[in-house]
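Secondary and tertiary structure notes
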Amino acid sequence: MSLTLQQLNSADPAEALRLLDGLYEHSPWIAEQALTQRPFASLAALKHAMVTVLAHASVNAQLALIRAHPELAGKAMVSQSLTAESTHEQTRAGLTNCTPEEFAHIQQLNAQYNTRFGFPFILAVRGPRGMGLAKREIIATFERRLGNPVDFERAECLRNIHRIAEIRLNDKFGFEPVLGNEVWDWHEDLARHSDPGFAEQGQLTVTYLTDAHRACAADLVVRMRECGFDEVNIDAVGNVVGHYHAGPHPNPLPEGEGVKTLLTGSHFDTVRNGGKYDGRLGIFVPMACVKRLHAAGRRLPFAIEVVGFAEEEGQRYKATFLGSGALTGHFNPAWLDQQDADGVTMRAAMQHAGLPATLEAIGALRRDPSNYLGFVEVHIEQGPVLNEMDLPLGVVTSINASVRYLCEAIGMASHAGTTPMNRRRDAASAVAELALHAEQRAAADGDSVATIGMLQVPGGSINVVPGRCVFSLDLRAPSNAQRDALERDILGQLRAICERRGIGLKTEETMRAAAAPSAPAWQARWERAVAALGVPLHRMPSGAGHDAMKLHEVMPQAMLFVRGLNSGISHNPLESTTSDDMELCVNAFSHLLEQLATEHKH
């Protein structure tokens, strides 16, 4: 019979400790100290209580816990002296059934790791879904983490220990994150679509209106209908739009006022060789909430509109936020004549996809803000903060202002051996000088960032002084004024560098987005939702841009972040999160819906 919170909260200290036996390897002191915080309002609260105990423990105590764990596929496994929990986990991951070659390789990795760090490699081998990682994933993670700094790797071991304890605790309580698992599976399923050239390498890339992009849209349409949406369609720019109708309103509406709609969603396109959760989490979480409502036969006193935005990343065309911009009336007509790398115009791509490709049809997508309550978006954090704090959720206070440029420095290509250093017009060196200045300037300005993410020497050769350098500039800051000052200083320095070096310069602004502070009332709703789950409240800004930035221009918005694994990395195949955190996110979203429903009864 599964343990319940009521049993745990009411048990005497010795019995409560016995009930939590085996969560942390040979280290009952963690559960013992956590139990002093009883009663626990939720399983999430109990989990965080143990996280807090370990976070406040000494480094020596943390190292002792790490060293209490057995090596993966190590001597303890061979001698069958693992704890029952560790045996179960290593068996689930197939580590008890290694080939001689796999076993020898893991033993070699164990030896290298212990020599470098002085403690065993710890990995939650049951993985983010709890089903068990494949051996190849375990070995790849082992090899990758060998390069981490020592302090970082100690913290990474502790994070994995908490994940191990979380899964063991779920087992004790008979808890399964059913909706979280389903949302996790939806991500895996959608990730089978990828653009040519990337799919063959096992990489995920979905850019605007490619065959893979259209296949994703078709899958989302089917999935939304299965969840119980009343209407699902693909609009004139390729957004997937699902409507879940409102039920009868409890009170008569004022004359001329119709039922309002809550707008939510995110994007399903990706960067090149990106992750599975960026954007897509913000589509699937509200879909799961609608599925829950539909299964219960419930309607709310407002409608729900979930949009899978077709384009946010600006990868195929220089048209960032195209999908959400169409809803706010900010589609740039010049975009239709843009060409991708293969010379295909956006207009042609739209026509090939069966979209009307007319300004009239696109203009008709503009939403009337008076019909909407507001916009909310769920998103994976895309950063390390929640991961390092061992917190599953974070409430966003504001999205930083940003501006992007594509630039070209034009010098003179010449012989690398015969051109004296003081006679060169080296385009790449000019940009390198700028990169160092931009790094220093942003670092001196609180929370600002500056990035040259693309830097290319077209037609470059090992023995030729670079005559051209094509590069990008990405500048972000917490406020519009701070961003503008950063932009002014860095562009001014760029012009000065080029003038001094005799370099020509072309700059093209490709995106500008104002800071988007969360609407106070909507931020407060997210805060109440997180608190109701028994999860500590953490407020944080978003350094990344999101579709919410566009909707912010016409209606109130607020965002909720979900913790990412692997230091919260994003725009990377290592982007990941757990089905447990997804479950909490679904429950937080459902709580926000219930708050709105209650508000509309009065």
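Everything quoted here is computed from the prediction, not taken from an experiment.

Rules and cut-offs
- Residues numbered from 1 in each chain as written.
- Predicted model: local features only at pLDDT ≥ 70, side-chain atom pairs only at ≥ 80, totals over all residues.
- Heavy atoms only, no water.
- Helix = DSSP H or I, 4+ residues; strand = E, 2+ residues; numbered from the N terminus.
- Buried < 20%, exposed > 50% of the residue type's maximum accessible area, 1.4 Å probe, protein only.
- Contact = heavy atoms within 4.5 Å.
- Areas by Shrake-Rupley, 256 points an atom, 1.4 Å probe, with all protein chains shown as cover.
- Lys, Arg positive; Asp, Glu negative; His and termini not counted.
- Charge placed at Lys NZ, Arg CZ, Asp CG, Glu CD.
- Pairing = 2+ DSSP bridges.
- Salt bridge = Lys/Arg side-chain N within 4 Å of Asp/Glu carboxyl O.
- Polar contact = N/O pair within 3.5 Å; in protein donor to acceptor, adjacent residues only side chain to side chain.
- Core = buried A, V, L, I, M, F, W, Y, C linked by side-chain atoms within 4.5 Å.
- Phe/Tyr/Trp six-rings, centres within 6.5 Å; stacked < 30°, edge-to-face > 60°.

1. Here's the deal with the overall build of the protein chain
Secondary structure summary: the protein chain contains 22 helices and 16 strands in total. Taken along the three principal axes of its C-alpha coordinates, the protein chain extends 75 × 75 × 45 Å. Counting all 602 residues of the protein chain, 53% fall into the buried class. Of the contacts formed within the protein chain by residues at least 6 apart in sequence, a portion of 78% connects residues at least 24 apart. Total accessible area on the protein chain is roughly 25,300 Å²; 53% of this is exposed by carbon and sulfur atoms. In the protein chain, which carries 55 positive and 69 negative side-chain charges, the distance between the mean positions of the two groups comes to 2 Å.

2. Here's the deal with the pairing of strand β6 (residues 393–399)
Extensive coverage of β6 is indicated by the burial of six of its seven residues. Summarising the sheet, β6 and strand β16 (residues 557–562) pair through three bridges and their orientation is antiparallel. Opposite Val395, over in β16, you have Leu560 as the bridge partner. The sheet contact formed by β6 and strand β15 (residues 539–542) spans three bridges and is parallel. Across the sheet, residue Val396 finds its bridge partner in β15, namely Met540.

3. Brief notes about the side chain of Asp269
Relative to the elements of secondary structure, Asp269 occurs in the loop between β3 (261–267) and α13 (281–295). With no salt bridge to any partner, buried Asp269 finds its closest opposite charge in Arg280, at an N-O distance of 7.5 Å. Of note is the side chain of Asp269, whose polar atom sits 3.0 Å from the backbone nitrogen of Glu313. Once residues within four sequence positions are removed from consideration, Asp269 is found in contact with Val206, His213, Phe309, Ala310, Glu311, Glu312, Glu313 and Gly314.

4. Here we look at the nonpolar core
Among the nonpolar cores identified, the biggest contains 80 residues, and Met346, Met350 and Trp526 are the most heavily contacted of them. If you tally residues by element for this core, the top one is helix α22 (residues 579–599), at 10 residues. If we ignore the near neighbours within four places in the chain, the residues touching Met350 are Tyr208, Leu209, Ala236, Val237, Phe331, Leu336, Leu355, Ala357 and Ile362. Within the second largest apolar cluster, 49 residues are counted, among which are Ile66, Phe117, Ala124 and Cys157.

5. Looking at the packing of aromatic side chains
Inspection of the entire model under this criterion finds 10 aromatic pairs. On the numbers, 5.6 Å between centres and 55° between planes, the contact of Trp186 with Phe284 is tilted. Note that Trp186 is positioned in helix α11 (residues 178–190) and Phe284 in helix α13, a separation of 98 residues in sequence. One exposure class covers both Trp186 and Phe284, and it is buried. With centroids separated by 6.4 Å and ring planes inclined at 50°, the aromatic side chains of Phe309 and Phe375 adopt a geometry described as tilted. Of this pair, Phe309 sits in strand β4 (residues 303–309) while Phe375 sits in strand β5 (residues 372–380), and the two are 66 residues apart along the sequence.

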